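# Residue-level structure breakdown
The residues making up each chain are set out below.
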Amino acid sequence: MRFERLCRWPALAVLAVLFVAPMGIIAAYSLLTRGAYGGVELPWTLDNYIRLCDPLYGAILLRSLWIAAVSTALCLILGYPLAFFISRSGRRKHFYLFLVILPFWSSFLIRTYAWMFLLRDTGLFNTVLLALGWIREPLPLLYNDAAVILGLVYGFLPFMVLPLFATLERMDRTLLEAAADLGARPLESFRRITLPLSFPGIRAGAILVFIPCLGAYLTPDLLGGGKSVMVANLVQTQFTAARDWPFGAAVSLTLMAIVMLLLFGAAKKSSEDLL
Amino acid sequence: MQPVLQLAGVSKHYPGHTALSGVTLEVRRGEFFSLVGPSGCGKTTMLRLIAGLEDPASGDIRLNGRSLLGLRPYLRNVSTVFQNYALFPHMTVAENVAFGLRYRGQGSDAPRKVREALELVRLSGKESRYPAQLSGGEKQRVALARSLVLNPELLLLDEPLSALDPALRKQVRAELKELQRRVGITFVFVTHDQEEAMSVSDRMAVMNHGVVEQVGPPAELYLRPASRFVAAFLGAVNWVNGAGIRPESTRLSRLAPDRGAVQASVERVTFLGDRLHVEARLASGEAIVAQVSRLDGEFQPGEAVWVWWRKEEELRFEA
């Protein structure tokens, strides 16, 4: 057998043990009945999926989709100009890219806690604003959707910037010279050349931000304060406080199915782009 | 008649390198003008200055008598065919060709103009192809059509044939010349290939180290070069006693001719089909190459021959 073909086995083995097997277990759990003290029991049932049709859970799913979509849009709005700037900054671009990935050097958990210290009633922002006399009472900056979105945008912005940078960097600059030469002003060149040619980067960045945002657990838990429940928090509650493992398994499989559907749609579009 | 393009004392510097120093030049309306020289001589820089993609350090560039200084490229009625063609990959052939029309106030009747431009470059039927689906020659013609459709005062071509394979290149350059004659637009053509420049140009400028060495019709430059550089750049030269003789002007004979001739011994003979290259060494030690017809006889290495040429064929320079 060729060496190249042998190279796929370590990764396949790891995936089979650590990914496919747990997935199978979750799928099986989602079709079982909840045990009295957690765990699962027979008989097999579809009740867990039927329960998902309850508008309560639909609302949580919609909220999650909405929060993920807003976070992705904000990442794009903030990330595109940044990626554009970095791709045009010559030799300093390596330094700027370094700054973009610098936050990864510390734990996401710690950085999210840091936001709590900034946003809470006795946090930096409220303290300063109170001291300046601009407000009489602390602003409710923490434990709401805005705080969750802020945390998600903060956490996932680099995943938007990096693929955008890669496409913008790769773009042939003579195309912009040609556009100017043919009479297009800079804004028109951007609209008709740069922007359409960066769609693959926009799509990649949007996928890389939207999917982790949709499944975000830590950020809504800490910055949303339990009030702003997203799908992942629902899953966590089912496996802990509610002791309803089958339902938790059904919820997480449904979330995964939605993500897969979105990914397939995006992948199809990407392959069309290659033509 | 006023020249369509005038360059007066144009200079351009890059860090550690002078691309152009004090170039003065005129391009006449409707002519096929070439800028030719070795790589790094400043010819592409000159094209970019005319297009407005870069700004000169000093000097003036005038189009129809009006200075272009400070005008951004999108405000100049000139258009460029780029070396790599710079076709927009996400647009079809027709969309590429139509790109500039709306900015040049020619947006009305765009479909007809696009169709005519594509007919002109013989690309009818390929309107809905994408650049990635075209051959090199077709891409080059799309780039041409995209510029020609705007009917610019000046069409700038930056080595447009260099990306084509050699067999196609000769054919395309003849087509280019024919196209220029038909549309009557002034072409400024940059190339490093002197044969290409001579074959298409009405006039040409030979450049070296950021300076224009000589401007004129190809035959004049070839037969009466103003400098040793121009002489050597446009063709092979034998240097004998400070005078230059082209290989095709260098004659060989076995019998002593009645006029002044020098003796030489043949060192190598290369058969090139329609002609022979004979390398010989003169008694004075100088090596020469003679390009002779097969019908002039056969020469063998080691053979003693007489080398002669007509005085009026000599290229003479002051320095």
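Residues numbered from 1 in each chain as written. Chains lettered and ligands numbered in written order. Predicted model: local features only at pLDDT ≥ 70, side-chain atom pairs only at ≥ 80, totals over all residues. Heavy atoms only, no water.

### Topic: the interface of chain A and chain B
Bring the parts together and some accessible area is lost; that lost area is often taken as the interface size. Test applied: In what follows, a contact means two residues having at least one pair of non-hydrogen atoms within 4.5 Å. The buried area of a pairing is the accessible area, by a 1.4 Å probe, that goes missing from both parts when the two are put together, added over both. For this analysis, a salt bridge means a side-chain nitrogen from Lys or Arg found within 4 Å of a carboxyl oxygen belonging to Asp or Glu. Side-chain atoms alone can form a polar contact between residues adjacent in sequence; in general such a contact is a pair of N or O atoms within 3.5 Å, and within protein one must be able to donate a hydrogen while the other accepts it.
Between chain A and chain B, the residue contacts involve 19 residues of the former and 24 residues of the latter. Of the roughly 1900 Å² buried between chain A and chain B on both sides combined, carbon and sulfur atoms contribute 62%. Broken down residue by residue, the surface that chain A buries against chain B is led by A:D181, A:L182 and A:R192, which jointly contribute 38%. Between the two partners, chain A and chain B, sit 2 salt bridges. Taking the shortest distance from any N to any O, the salt bridge between B:R48 and A:E177 comes out at 2.5 Å. Taken together, the connections running from chain A to chain B amount to 11 residue pairs in polar contact (both at pLDDT 80 or more).

### Thoughts on a nonpolar patch on the surface
All names here are of chain A. Where we set the bar: Here a patch means residues that are over 30% exposed by relative accessible area and free of salt bridges, tied together within 9 Å if like-charged and within 5 Å if nonpolar (Val, Leu, Ile, Met, Phe, Trp, Tyr). Note that accessible areas follow from Shrake-Rupley with a 1.4 Å probe, and for residues the cover is restricted to the protein chains shown. Secondary structure counts use DSSP, requiring at least four H or I residues in a row for a helix and at least two E residues in a row for a strand, with both numbered from the N terminus.
Side chains of F95, F98, L99, I101, L102, F104, W105 and L162 sit close together on the surface and give an oily, nonpolar patch of about 730 Å² of accessible area. Counting residues per element, the nonpolar patch draws most heavily on helix 5 (residues 93-101), at 4 residues. Mapped onto the elements, L102 comes out in the loop between helix 5 and helix 6 (108-119).

### Comments concerning the side chain of B:K12
Residues and elements named next belong to chain B. As for its position among the elements, K12 is in strand 1 (residues 5-14). In this structure the side chain of K12 is engaged in a polar contact, spanning 2.9 Å, whose partner is the backbone oxygen of D55. Once residues lying within four places of it in the same chain are set aside, the contact partners of K12 are T18, A19, L20, T45, L49, E54, D55, P56 and A57.

### A look at the environment of B:V200
Residues and elements named next belong to chain B. In plain terms, the rule: Three labels apply to residues, based on accessible area from a 1.4 Å probe with only protein chains included: buried if under 20% of the type maximum, exposed if over 50%, partly exposed otherwise in between.
With respect to the helices, strands and loops of the structure, V200 is situated in helix 6 (residues 194-200). A relative accessible area of 2% means that V200 is categorised as buried. It is 8.2 Å that separates the C-alpha atoms of V200 and S34, two residues lying 166 residues apart in sequence. Once you skip the residues sitting within four places of it in the chain, V200 turns out to touch F32, S34, R173, K177 and F189.

### Remarks on the pattern of salt bridges
Summed over all chains, the structure comprises 30 salt bridges over all chains. Where B:R112 meets B:D109, a salt bridge forms, and the shortest distance between an N and an O atom there is 2.5 Å. For B:R112, a relative accessible area of 30% translates into the label partly exposed. We classify B:D109 as partly exposed; its relative accessible area is 40%. By sharing partners, the salt bridges in this structure join A:E177, B:K12, B:R48 and B:E54 into a single network.

### Some details on the confidence of the model for chain B
Residues and elements named next belong to chain B. To be explicit about the condition: Every residue is assigned a pLDDT by the predictor, reflecting its confidence on a scale from 0 to 100.
Per-chain confidence: chain B averages 89 in pLDDT, with 99% of residues scoring 70 or above. Within chain B, no element has a lower average pLDDT than strand 13 (residues 251-253), which sits at 84, and none a higher one than strand 3 (residues 32-36), at 95. Interface scoring of the predicted complex returns ipTM 0.85; its pTM is 0.81.

### A short note on the confidence of the model for chain A
When pLDDT is averaged across chain A, the result is 86; 96% of the residues are at 70 or more. When the elements of chain A are averaged for pLDDT, strand 2 (residues 40-41) of chain A gives the smallest value, 73, and helix 9 (residues 174-181) of chain A the largest, 94.

### A closer look at unusual backbone geometry
Leaving glycine out, the prevailing phi sign among residues is negative, and the prevailing peptide bond configuration is trans. Residues and elements named next belong to chain B. Its identity as a non-glycine residue notwithstanding, Y85 has a phi of 75 degrees, on the positive side. When you line up the elements, Y85 lands in the loop between strand 6 (78-81) and helix 2 (93-98). According to the relative accessible area criterion, Y85 is buried, its value standing at 5%. In this structure, A86 is a non-glycine residue whose phi angle is positive, near 50 degrees. Tracing the backbone through its elements, the reader meets A86 in the loop between strand 6 and helix 2. A relative accessible area of 2% places A86 in the buried class.

### Brief notes about the sheet that holds strand 8 (residues 186-191) of chain B
Across a sheet, strands are paired by hydrogen bonds formed along the backbone, either parallel or antiparallel in direction. All names here are of chain B. Applicable threshold: Pairing between two strands requires that DSSP report at least two bridges joining them. For every element, the axis is a line fit to its C-alpha atoms; helices are fit only across the contacting stretch, and the angle between N-to-C directions ranges from 0 to 180 degrees.
On the basis of which strands lie adjacent, the open sheet formed by 6 strands has the order 6-7-8-3-9-10 and mixed pairing. Bordering the open sheet on either side are strand 6 and strand 10 (211-216), each of which pairs with just one other strand. On average, each strand axis in the sheet is inclined to that of its neighbour by 20 degrees, with strand direction left out of account. Where strand 9 (residues 203-208) and strand 10 come together, 5 bridges link them in antiparallel fashion. For A205, the partnering residue across the bridge sits in strand 10 and is V215. Strands in contact with helix 5 (residues 166-183) are strand 3, strand 7 (154-158) and strand 8; relative to strand 8, the strand with the most contacts, it is inclined by about 160 degrees.

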